[in-house]
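# A closer look at the structure
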Amino acid sequence: MKFKKTISIALVTGAAILSNYSHAVTPTQPKLSVQLWSVKDDVAKDFEGTLKQLKAYGFQGVEFAGNFGKYADDPKGLKAFLDKTGLKASAAHVPFEKLSPENFEKTVAFYKAINCNLLIIPMDKRAQTLEGAKEVAKELTDIEVKLAPLGMHTGYHNHKPEMMDIDKTTPWDVIAKNTPAGVVLQQDVGWTEVAGKNPVDIVKNYPGRTIVTHYKAAAPEPGNKENPIIGQDTTDWKSLIVANRTFGGTLWLVVEQEVYAEGMTPMQSVEASLKGLQKEIAELDKKK
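Summarised in this report is the structure supplied together with it. (Residues numbered from 1 in each chain as written. Predicted model: local features only at pLDDT ≥ 70, side-chain atom pairs only at ≥ 80, totals over all residues. Heavy atoms only, no water.)

## With respect to the side chain of Ser273
In this fold, Ser273 is placed in helix α10 (residues 266-286). The buried category is assigned to Ser273, whose relative accessible area is 0%. A polar contact of 2.4 Å, which involves the side chain of Ser273, links it to the side chain of Gln257. Aside from chain neighbours lying at most four places away, what touches Ser273 is Pro228, Ile229, Ile230, Val255 and Gln257. (Helix = DSSP H or I, 4+ residues; strand = E, 2+ residues; numbered from the N terminus. Buried < 20%, exposed > 50% of the residue type's maximum accessible area, 1.4 Å probe, protein only. Polar contact = N/O pair within 3.5 Å; in protein donor to acceptor, adjacent residues only side chain to side chain. Contact = heavy atoms within 4.5 Å.)

## So, the layout of surface pockets
Considered as a void within the structure, the largest pocket measures approximately 700 Å³ in volume. Around the largest pocket, the lining comprises 25 residues; the ones closest to its centre are Gly66, Phe68, His93, Lys98 and Tyr111. Take the lining of the largest pocket: its biggest share by element is four residues, from helix α4 (residues 104-113). (1 Å grid on protein atoms, 1.4 Å probe; cavity = no way out; pocket = protein on both sides within 12 Å on 5 of 7 lines; lining within 4 Å. Points joined across faces, edges and corners; volume = space filled by probe spheres on them.)

## Some details on α10
Given a rise of 1.5 Å per residue, 21 residues ought to cover 30 Å, and the 30 Å separating the end C-alpha atoms of α10 matches this to within 8%. In this fold, the buried residues of α10 make contact with β3 (31-35), α1 (40-45), α2 (47-57), β9 (212-215), α9 (237-248) and β10 (252-255). (Expected span 1.5 Å × (residues − 1).)

## Digging into the pattern of salt bridges
As enumerated under the stated definition, the model contains 15 salt bridges in all. With a closest N to O distance of 2.5 Å, Lys216 and Glu258 form a salt bridge. One end of the pair, Lys216, is in the loop between β9 and α9; the other, Glu258, is in the loop between β10 and α10, and 42 residues separate them in sequence. Owing to a relative accessible area of 0%, Lys216 belongs among the buried residues under this scheme. Notably, a salt bridge pairs Asp285 with Arg245, separated by 2.8 Å at the nearest N-O pair. With Asp285 in helix α10 and Arg245 in helix α9, this pair connects stretches of sequence that are 40 residues apart. Residue classification places Asp285 among the partly exposed residues on the basis of a relative accessible area of 29%. One connected set of salt bridges, linked through shared partners, spans Asp124, Arg126, Glu135 and Glu139. (Salt bridge = Lys/Arg side-chain N within 4 Å of Asp/Glu carboxyl O.)

## Let's talk about the sheet that holds strand β7 (residues 153-157)
If you walk across this open sheet you meet the eight strands as β8-β7-β6-β5-β4-β3-β10-β9, and the pairing is parallel. The strands lining the two open edges of the sheet, one partner per strand, are β8 (184-186) and β9. Shown here is a sheet whose adjacent strand axes are inclined to one another by a mean of 30°, direction ignored. Sheet topology places β3 next to strand β4 (residues 61-64); three bridges connect them, and they run parallel. Looking at β4, one finds that Val34 is bridged to Val62. Packed on one face of the sheet, α9 meets β9 and β10 and runs near 170° to β9. (Pairing = 2+ DSSP bridges. Axes fitted to C-alpha atoms, helices over the stretch in contact; angles between N-to-C directions.)

Structure representation (structure tokens):
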């Protein structure tokens, strides 16, 4: 496609504040995070110990998935723990009901207190159809209008159905084209590839909007035999990293595991994927 418009990015209080369309996407150097759903059992057993270990592995941020350990009602305590541990809250998966009018103020106050400025809808079954995707887009737009003045943004995370072709388009395209530029398009690479699409194309189709991207080597699709460790699979990660840096406006590359390597625990799997991603980045940068 031809890009008549792209998006410029300004960073305000750690959030990606996306203007309406301007001339160019600012190149980025994304940091590395992990979606905590990948290690949900470890988080449930030992919240603090798990996050400390993830930091020791080399992750710079964590993407929350609804479990905050003893800090569920103590965002100030959670912020102090994150600061002490050296982790940033890269984003959070937050369902629509948590951002409903009756829950909006409480939810936003919590995430604002931990400096988590990207509140991503993890899934919605309506988005599996074109008409349903329009409804999702409207809700995202309504939430974005309320969040943007606070220096925060909402977004949507895909699974396989959002990327499937329906009448020469996809639900993902419907969501993208019917939401303002500030709504983050959080691509999940594993699910994009299961749908038969090239994740690089998805980044380039909507420049400046993949502020956080899920780097997943294998999605839990029946019959999918892809290796679940980044760098040991068949994804062209280097091309995707370049696309994220140059077209995506991407601030965070987020390792996510829903499939684990044989003989490895979830924690060992995310560590291995992190090391694989770091190697891909190092090899890419060495060529410069």
